[in-house]
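Architecture and fold: a report
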Amino acid sequence: MARRVFYSFDYESDCWRASMVRNIGVVEGNQAARDNTWESVKRGDAAAIMDWIDEELNGRSCTIVLIGAETASSRWVNYEIAQSLDSGKGMFGIRIHRLLDQNQQESVAGPDPFTTMSLPDGRQLSTIIPTYDPPGASSKEVYAHISEHLQQWIEAAIANRLR
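The text that follows walks through the structure, step by step, so that each part is easy to find. (Residues numbered from 1 in each chain as written. Predicted model: local features only at pLDDT ≥ 70, side-chain atom pairs only at ≥ 80, totals over all residues. Heavy atoms only, no water.)

In this section: the packing of aromatic side chains. Counted by the stated rule, this structure contains five aromatic pairs. Through pairs of rings, three or more aromatic residues link up here, namely Phe 92, Tyr 132 and Trp 153. (Phe/Tyr/Trp six-rings, centres within 6.5 Å; stacked < 30°, edge-to-face > 60°.)

Let us look at the pairing of strand 3 (residues 62–67). With six of its six residues buried, strand 3 lies for the most part within the structure. Residues Cys 62, Ile 64 and Leu 66 line one face of strand 3 and the alternating positions Thr 63, Val 65 and Ile 67 line the opposite face, and both faces are buried. Bridging between strand 1 (residues 4–8) and strand 3 involves four bridges; their strand directions are parallel. Along strand 3, the bridge assignment pairs Tyr 7 with Ile 64. Relative to strand 4 (residues 90–95), strand 3 runs parallel, the two sharing six bridges. (Buried < 20%, exposed > 50% of the residue type's maximum accessible area, 1.4 Å probe, protein only. Helix = DSSP H or I, 4+ residues; strand = E, 2+ residues; numbered from the N terminus. Pairing = 2+ DSSP bridges.)

The next subject is the environment of Val 142. As for its placement among the helices and strands, Val 142 is situated in helix 5 (residues 139–159). C-alpha separation for the pair Val 142 and Arg 95, spaced 47 residues apart in sequence, amounts to 9.6 Å. Sequence-distant contacts of Val 142, defined by excluding residues within four places in its chain, comprise Arg 98, Leu 99, Pro 134, Pro 135 and Gly 136. (Contact = heavy atoms within 4.5 Å.)

What follows covers the packing of helix 3 (residues 46–57) against helix 4 (residues 75–86). Where helix 3 contacts helix 4, the axes come no closer than 11 Å and their chain directions differ by 50°. One way to sum up the angle between helix 3 and helix 4 is to call them oblique. When the axes of helix 3 and helix 4 are compared, the crossing they make is right-handed. Facing helix 3, whose interface residues are Ala 46, Ile 49, Met 50, Ile 53, Asp 54 and Leu 57, helix 4 presents Arg 75, Trp 76, Tyr 79, Glu 80, Gln 83 and Ser 84. Tallied by class, residues from the contact of helix 3 with helix 4 come to seven nonpolar, two polar and three charged. (Axes fitted to C-alpha atoms, helices over the stretch in contact; angles between N-to-C directions. Parallel < 35°, antiparallel > 145°, perpendicular 65-115°, else oblique. Left-handed = near helix turned anticlockwise from the far one by under 90°. Nonpolar A, V, L, I, M, F, W, Y, C, P; charged D, E, K, R; others polar.)

Summed over the entire model, instances satisfying the criterion amount to five salt bridges. A salt bridge links Glu 155 to Arg 3; the shortest N-O distance between them is 2.9 Å. Of this pair, Glu 155 sits in helix 5 while Arg 3 is found in the segment before strand 1, placing the two residues 152 residues apart along the sequence. Take Glu 155: its relative accessible area is 31%, and that puts it in the partly exposed class. The exposure class of Arg 3 is partly exposed, given its relative accessible area of 26%. The salt bridge involving Asp 133 is made with Arg 98; its shortest N-O contact spans 3.3 Å. (Salt bridge = Lys/Arg side-chain N within 4 Å of Asp/Glu carboxyl O.)

The next subject is helix 4. Along its twelve residues, helix 4 runs 17 Å from first to last C-alpha, staying within 8% of the 16 Å computed at 1.5 Å per residue. Those residues of helix 4 that fall on the buried side of the exposure criterion are Trp 76, Val 77, Tyr 79, Glu 80, Ile 81, Ser 84 and Leu 85. Downstream of helix 4 by one or two residues, Gly 88 has phi in the positive range, about 75°. (Expected span 1.5 Å × (residues − 1).)

Once that is clear, we can look at helix 3. Given a rise of 1.5 Å per residue, twelve residues ought to cover 16 Å, and the 16 Å separating the end C-alpha atoms of helix 3 matches this to within 8%. Of the residues making up helix 3, those classed as buried are Ile 49, Ile 53, Glu 56 and Leu 57. Buried residues of helix 3 fall within an arc of 100° about the axis and therefore sit on the same side. Structural note: helix 3 exposes Asp 51 and Glu 55 on the side pointing more than 90 degrees away from its buried face. Note on helix 3: the residue one or two positions beyond its end, Gly 59, has a positive phi of about 80°. (Arc of directions from axis to C-beta.)

Here you go:
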């Protein structure tokens, strides 16, 4: 049975890379927001954006944070992480900076958003939520590694979620 997951990423800088991961097809991911949908959503106030994110998170068992150059500084990614924790979803990160974008370019590795967030008891999220940095000398090799391991990463995150 395919798991229903939520993909969290910085839309402006990583939409193309995120689309590659979504298309792997081993899970049922949330529908990608089309450019016009996201533009419409982000024109709303903060409450409207949070409502939209909450609706997208509903019914998902796991959140996959796709980490690019700007992910850790995204207000909305941080909100998605917090909401995912609060609702007891499994969660992990995948570094995607070495996947090629629409211009056939890699990006730079950005900070891990789990190192900038803590639980109420003070533990840094990065000590309990894994981030995977797929090996490979090329975008194709990185993609193949993600494709090969995505399902097991999801199952591990769900098994180890905070309750």
